[in-house]
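# Structure at a glance
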Amino acid sequence: MAHVAFFVIAAIAVVSALGLILRPNAIHGALFLVVNLGSVAALYLMLGAEFLAAAQVIVYAGAIMVLFVFAIMVLIPGKEESGPDPRRSARVIAVPVGGLLLLLLIFVVIGRWSVPRGPVGPSGSADALGRLLFTSYLFPFELTSVLLLAAMVGVLLLARRRPG
Amino acid sequence: MVPESYYVTLSAILFSIGVVGVVIRRNPLVIFMSIELMLNAANLALVAFGQRFGNLDGQAVVFFVMAVAAAEVAVGLAIIVTIFRVRRRLSVDDLSLMRW
C-alpha cells in the first residue's frame, strides 16, 4: 500500500518537474512547481516529517510561489522565449549531460548503498523538532533571523525606485 | 515501509531535471524555479537520510534550507525586477555585463 502511494506521488513529482522545464509559458511552470512542492510535502508526511510537510506547504507552496507569480505577472515574460534560440546547439547538449549526471548520482547513491540503519528515531513533530532547534541548533536558528532581516533590507534597497 | 533508497533515487531524478532546466531555459524566472526544484530535491534526500539514521538532525537542516531559500528568492526576484526595469528585456543571453 505504501509502495503504491509512493510511486503515484513520485510520478506526479517527476511529471510536474518535467512540465516546469518544458512548458514555454512561465506561469504554467509556476503552477507545475506548486504541484511538485505539494507532492514533496506528501513524501515528507510518508517519511514521518509532519512539521516539515506543513512548513513546505506554508513557506514554499504558499509564500515563495506567491512571490514568483507576482514577479511573473509584473514582468510578463511570456513572449521572451518564442523567438529562435541563438544557442540551440549548445543547449541541446544539456539533455544528455543531465542524463549522465542522473546516472552518476544513482550509481553513487544506490550502487554503494551501505548506509547503516539507525534506531527508530522520534517522529518529526513540531514538538520534537522545536526542542532540537532551540537546543542544539540555537545559534544557527538565531543566525537565520539575521539573514532574513538582511534579505529584507537588501530587497527594499534593490526594488526602490531611484529618484530621477 | 518504502525503503529510503527509493526516496534518494527520486531526489536524484528531480535534481537532474532541475539541472537540465537551468541550462536549457532562457527565462531567468524559470531558471530560478528550477533552482528551487533542486533545493527541494536536496531537502528530500536530507529527510530520507535522517529517517534512515533515526534522528532529527536532517530535518533541522531542511528547516534552515527553507529559511535560506526564502531569503534567496526574495533577493533574486528583486534583482531580476531591477534588471528588467533597466533593460526592458528578460533573457539570460543579454546579461553578459559581468563577463570577463
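Residues numbered from 1 in each chain as written. Chains lettered and ligands numbered in written order. Predicted model: local features only at pLDDT ≥ 70, side-chain atom pairs only at ≥ 80, totals over all residues.

### Quick notes on the overall build of chain A
Let me state the cut-off plainly: Segments assigned H or I by DSSP are reported as helices when at least four residues long, segments assigned E as strands when at least two residues long, and all are numbered from the N terminus. Using C-alpha atoms as the atom set, the radius of gyration is obtained and then compared with a globule rule of 2.2 Å times the number of residues to the power 0.38. In this scheme every C-beta is placed from the backbone, and a residue whose C-beta has 20 or more other C-beta atoms within 10 Å is buried, one with 12 or fewer is exposed, and one in between is partly exposed. Working definition of a contact: two residues with C-beta atoms, positioned from the backbone, lying within 7 Å.
Summing up its helical and strand segments, chain A has seven helices and zero strands in all. The helix and strand sequence of chain A, counted from the amino end, reads α-α-α-α-α-α-α. For chain A, whose C-alpha radius of gyration is 21 Å, the value lies well above the compact-globule estimate of 15 Å for 164 residues. On the principal axes, the C-alpha backbone points of chain A span a range of 60 × 45 × 25 Å. A burial count over chain A gives 24% of its 164 residues as buried. When contacts within chain A are restricted to residue pairs at least 6 apart in sequence, those whose partners lie at least 24 apart make up 53%.

### Some points on the domain arrangement of chain A
What counts is decided by this rule: What marks off one domain from the next here is an automatic or database domain assignment.
Examined at the domain level, chain A breaks down into domain 1 (1-79) and domain 2 (126-164). For domain 1 of chain A versus domain 2 of chain A, the distance between C-alpha centres works out to 23 Å.

### Considerations on the interface of chain A and chain B
To keep things clear, this is the line we draw: Gly is put with the polar residues, along with every residue not named as nonpolar or charged; the nonpolar set is Ala, Val, Leu, Ile, Met, Phe, Trp, Tyr, Cys and Pro, and the charged set is Asp, Glu, Lys and Arg.
Opposite the 73 residues of chain A that make contact, chain B presents 63 residues. If you list the elements that add at least two residues to the side of chain A that touches chain B, you get helix 1 (2-22), helix 2 (26-46), helix 3 (50-75), helix 5 (94-111), helix 6 (126-133) and helix 7 (138-159) of chain A. Class assignment of the residues belonging to the side of chain A that touches chain B gives a composition of 58 nonpolar, ten polar and five charged.

### Concerning the packing of helix 6 of chain A against helix 3 (residues 57-87) of chain B
Put simply, the test is: Fitting a line to C-alpha atoms yields each axis, with helices limited to the stretch in contact; the angle taken between N-to-C directions then spans 0 to 180 degrees. Oblique is the label for any angle not under 35 degrees, not over 145, and not in the 65 to 115 range, which are roughly parallel, roughly antiparallel and roughly perpendicular in turn.
Two elements in contact, helix 6 of chain A and helix 3 of chain B, have axes separated by 10 Å at closest approach and are oriented at 75 degrees. When the interaxial angle is binned, helix 6 of chain A and helix 3 of chain B end up roughly perpendicular. Touching Leu129, Leu132 and Leu133 of chain A of helix 6 of chain A are Gln59, Ala60 and Phe63 of chain B, all from helix 3 of chain B. Looking at side-chain class alone, the contact of helix 6 of chain A with helix 3 of chain B contains five nonpolar, one polar and no charged residues.

### So, the environment of Ile106 of chain A
Assignment of secondary structure puts Ile106 of chain A in helix 5. We classify Ile106 of chain A as partly exposed; it has 16 C-beta atoms within 10 Å. When near neighbours in sequence (up to four residues on either side) are disregarded, Ile106 of chain A contacts Thr9 and Ala12 of chain B.

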